[in-house]
Amino acid sequence: MRFYRLLQIRAEALLAAGSHVIILGDLNTAHRPIDHWDAVNMECFEEDPGRKWMDGLLSNLGCQAGSHVRPFIDSYRCFQPNQEGAFTCWSAVSGARHLNYGSRLDYVLGDRTLVIDTFQDSFRLPEVMGSDHCPVGAVLSVSSVPAKQCPPLCTRFLPEFAGTQLKIRRFLVCLKQDPVCKQSALRLSKQTQVQMHQNKARVRSTRPRPSQAGSSRGQKNLTSYFQPSSNRPQASPILELPSVGALMTPKTLEEEVMAKVVEGQASASEAKDEKEVRTSFWKSVLGGPLPMPLCGGHREPCVMRTVKKPGPNLGRHFYMCARPRGPPTDPSSRCNFFLWSRPS
């Protein structure tokens, strides 16, 4: 509410100075019942302080000239006074955008004279994704004229931004340095270079010279990795022993085929038994997730959620309907199923 009051004071001061004013953005308040998905079931909807503030700021709907007590006009309701479901914000957690279960919190407000004389349209872009809000905009029949100077309350004049970058062009322009700073920078760079040379000389002095380490050692080329070392003792030649098959009596062709078949069947049965043992073991160790319960309204698998609100149930898991949130009268929207998850 303090922000609302400051915003209204600033906007009315600009109007009193002879300027036109547009208030554009997220005001975080659904003004009228037509701007909220569940205004009928909300108690004291009209008594909300934010809505009362908007009642005092905005004129009655319509672009016709009339009472000038309220200085601003909601441009969207000026062109679409009876459009239902014209929401700009939806809950991303509950998937409410799928069923257009939201509210209109984003506005393009203009002073009365400006809206009546220059506004041609005001629109929403609900098909643009990427946020829980959708863009809003307006079309004006005006030409832009650059101001001679920045407004007094421009951000560049605020104390916390003094002395910082003012234009992006300064990234691409070589700034003139102070001679004293330049000399100190050169002196520092020379000292750094001298220190680096000293460190290199110290490292070089500790390395063994080729004459000390022996000129025969060291990698000559890449193929030396694959050549046997000359100083390693050579292995004794391997004596060739007669194979086991040579000592056994030769088998007939039929006997060899039968032996291969029996050996294959035995290995297959052993592999199958080993696989079954492993599968049963891991199933006993890792039971896997339990099947999701079915919601009462649609008999469909639920989703698990976690309580994040501080309190005695913080961190507990529960099941709820997996469908997106929507109007209670819509059968395709989420049902009221709820079930606590049992601790594992």
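Here is a short report on the structure shown in this document. Predicted model only: the values in this text are computed from it and were never measured.

**A short note on the pattern of salt bridges**
Scanning all chains against the criterion turns up seven salt bridges. Through salt bridges with shared partners, a single ionic network connects D35, D74, R77 and R104.

**A closer look at unusual backbone geometry**
Most of the time, phi is negative for any residue but glycine, and the peptide bond is trans. In the Ramachandran plot, N28 falls in the positive-phi region, its phi being about 65° despite a non-glycine side chain. Even without a glycine there, the phi angle at N100 is positive, about 55°. With respect to the secondary-structure elements, N100 resides in the loop between β3 (89-90) and β4 (102-103). For N100, a relative accessible area of 32% gives the class partly exposed.

**Topic: the packing of helix α1 (residues 2-16) against helix α2 (residues 49-57)**
Between α1 and α2, the shortest axis-to-axis distance is 11 Å and the interhelical angle comes to 10°. Comparing the axis directions of α1 and α2 gives the class roughly parallel. Contact with α1, carried on its side by Y4, R5, L7 and Q8, involves G50, W53, G56 and L57 of α2 and no other residues of that element.

**Considering the sheet that holds strand β1 (residues 22-26)**
Across the sheet, which stays open at both edges, the three strands sit in the order β1-β5-β2 with antiparallel pairing between neighbours. In this open sheet, the two edge strands, each paired with only one partner strand, are β1 and β2 (72-74). Each strand of the sheet is rotated relative to its neighbour by a mean of 20°, with strand direction disregarded. In terms of strand pairing, β1 meets strand β5 (residues 106-111) through five bridges, oriented antiparallel. Looking across to β5, one finds that G25 is bridged to Y107.

**As for α2**
The complete set of buried residues in α2 reads G50, R51, W53, M54 and L57. The buried residues of α2 all sit within an arc of 155° when viewed along its axis, so they share a single face. Tucked inside the fold, the buried residues of α2 contact α1, β2 and β5. A distance of 3.0 Å separates the backbone nitrogen of G50 from a side-chain oxygen at the start of α2, and that oxygen is part of D48.

The rules behind the values
- Residues numbered from 1 in each chain as written.
- Predicted model: local features only at pLDDT ≥ 70, side-chain atom pairs only at ≥ 80, totals over all residues.
- Heavy atoms only, no water.
- Salt bridge = Lys/Arg side-chain N within 4 Å of Asp/Glu carboxyl O.
- Helix = DSSP H or I, 4+ residues; strand = E, 2+ residues; numbered from the N terminus.
- Buried < 20%, exposed > 50% of the residue type's maximum accessible area, 1.4 Å probe, protein only.
- Axes fitted to C-alpha atoms, helices over the stretch in contact; angles between N-to-C directions.
- Parallel < 35°, antiparallel > 145°, perpendicular 65-115°, else oblique.
- Contact = heavy atoms within 4.5 Å.
- Pairing = 2+ DSSP bridges.
- Arc of directions from axis to C-beta.
- Polar contact = N/O pair within 3.5 Å; in protein donor to acceptor, adjacent residues only side chain to side chain.

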